[in-house]
Amino acid sequence: MTDSKNQQMLDRLADAAREGRVSRRSFMNYSMAAGVTASAATGLWATAAKAEPQRGGTFRIAQHDGNSGDTHDPGIYESNAEILLAHTFRAFLTQINTDGTLGADVATEWSATPDASEWTFKLNPKATFHSGGKVTAEDVVASMNFHRGEDTTSAAKALLGSVTDIVADDENTVTFKLDAGNADLPWLMTDYHLVILPRNEDGTANWQSGDGCGPYVLDSWEPGVNASLSRFDGWHGEGAYFDAIQVTFINDPNARQTALVTGDADATSLLENKTMGLLERQPDVTVINIPSAQAITMPMFCDTAPFDNVDVRKALKLSMDRNELVEKISFGAATVGNDFHHSPAMPYYPKDIEQTEYDPDQAKSLLKKAGAENLSVSFSVADSITAGAVDLAILYAEQAKAAGIDIKVLREPSDGYYSDVWLKKPWCMVVWGARPTPDVMYSLAYKDDAAWNESHWQNEEFNKLLLQAKAELDDTLRAEMYRDMAILAKDDGGTIIPFFPNFVYGIRTNVGTTGEYAASWHMDGYRAASRWWFKS
């Protein structure tokens, strides 16, 4: 390439960086392809993309998965609407940074004993609740104990199952004591249930008031309709450039997309992949497409016929053409799944496990062995689960016909899907947000006693390995254990994972960003409100 062409390419890259249309990683790769050294590319990125954030304005978000039953109770958070709000008006001990590393939130530093069985967190002395009270170690103890004990109803109970005690050492220091080592504990603190709440006088956590210590104050909230928030000037973190946040919950994907194109919203979550190409040609819109560890799962109750037969489960896995689903439903914006809940975006990913391919003849053979020929089963799905969710179910049903399987697709209402269908009906579709480590994901949804063990799968060897891996500090040995667990889940488990979808969402071009986006949730790990700004 000539020098002039290289310069033209660099100029275009700089423009894209300023407008937030290219990630730092892509910027570096393209710059070096044009002959720029790594150090020079880093400098170019710093000058091109690090535009100074501006304060002011009302940031309007069109958000999917809002429900009339959404709640302040963090123990039963389920919807994307709740998770967005949790990251906007509440705070956590730690957070996932835009580059995927672990960063500080209410805790400024943390350390462990050599065997990782005891973790100490130092709190930011500037952290305060919106009601005016200082965030103390006692508040952290109450917040975490809300998810512990026999009587808790929290879905995060399993995450803290190895914690034997939580102690306030002084006003700004709290120590977690565990029954065994857990190298992932600081990562666990990013889980969306584990928000920091004010403590009542009796030592319990006050979640009912809606008080928080996050970047914005929740001024009003009508679940399933809208929410209004204003900047909390006493926030302990950096950012929160917008004066106010206005969230409108729109479950219809076309209406959400129209709001972005017409300028009625500054950002929208979960764009339809099938219109991604058209949107990318809109001059005022930037589409953000981020590979992630979020997953589409299809859990089958392993204790309910016909799914209690492992050959039936295998036949249903073999009846799916995953490549066709990625191509026609995700339009390439996804990674093919292999029925273990461990994406390439997570650490310790096992690369050498054989991929389950579409094989209707083998599926037929397994069904004959199980005495389940001409299998007919119902499968529940809702539009709000993910872009193209119903189309995905219908296409899978078509694929399965070649194996003699009749899948009856039940289109359920979006509102209330996670309270009325998930964990209640024996086979349905679910979307899981990205989790930072395989331990977190397996502990939440595959451990024998997990509240969200959505397939009711029980495997003694898997659970034994899960406990061993949690405490293993040797990364090589730990990776081997996760590989063994993945094989067990693939061959015996009750969950089909067609793919790991990318996060695809959109912003107006007048919205400023850092150019890097956390891959933990939509909208920059649902921290867009505190990390983004309006350009001047």
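Before reading on, note that the structure itself is shown above.
Calculation notes
Residues numbered from 1 in each chain as written. Predicted model: local features only at pLDDT ≥ 70, side-chain atom pairs only at ≥ 80, totals over all residues. Heavy atoms only, no water. Pairing = 2+ DSSP bridges. Helix = DSSP H or I, 4+ residues; strand = E, 2+ residues; numbered from the N terminus. Contact = heavy atoms within 4.5 Å. Axes fitted to C-alpha atoms, helices over the stretch in contact; angles between N-to-C directions. 1 Å grid on protein atoms, 1.4 Å probe; cavity = no way out; pocket = protein on both sides within 12 Å on 5 of 7 lines; lining within 4 Å. Points joined across faces, edges and corners; volume = space filled by probe spheres on them. Nonpolar A, V, L, I, M, F, W, Y, C, P; charged D, E, K, R; others polar.

Draft legend 1. Broad picture of the sheet that holds strand β1 (residues 58-63). Taken in spatial order, the 7 strands of this open sheet run β8-β9-β10-β1-β11-β20-β12, and their pairing is mixed. Edge strands, defined here as strands with exactly one partner in the open sheet, are β8 (216-222) and β12 (285-290). As paired elements, β8 and strand β9 (residues 226-231) share 6 bridges and run antiparallel to each other. Paired with E222 across the two strands is N226, which belongs to β9. Packing against the sheet, helix α7 (residues 253-262) makes contact with β1, β11 (267-268), β12 and β20 (503-508), and its axis sits at approximately 35 degrees to β20.

Draft legend 2. Spatial organisation of empty space enclosed by the protein. By the definition in use, this model includes 3 cavities of 30 Å³ or more. Computed from the structure, the largest cavity encloses a volume of approximately 320 Å³. Forming the boundary of the largest cavity are 31 residues, of which N80, Q294, V431, W432 and G433 lie nearest the centre. Elements with a minimum of two residues in the lining of the largest cavity: α4 (80-89), β17 (430-432), β19 (499-501) and β20. For the lining of the largest cavity, the leading source of residues is β17, giving 3 residues. Among the residues forming the lining of the largest cavity, the class breakdown is 19 nonpolar, 9 polar and 3 charged. Of the volumes computed, that of the second largest cavity is approximately 160 Å³. Taken together, 18 residues form the lining of the second largest cavity, with H87, I96, T190, S520 and W521 sitting closest to its centre. Broken down by secondary-structure element, the contributors of at least two residues to the lining of the second largest cavity are β2 (94-96) and α6 (185-188). If one sorts the elements of the lining of the second largest cavity by residue count, β2 sits on top with 3 residues. Class assignment of the residues belonging to the lining of the second largest cavity gives a composition of 9 nonpolar, 6 polar and 3 charged.

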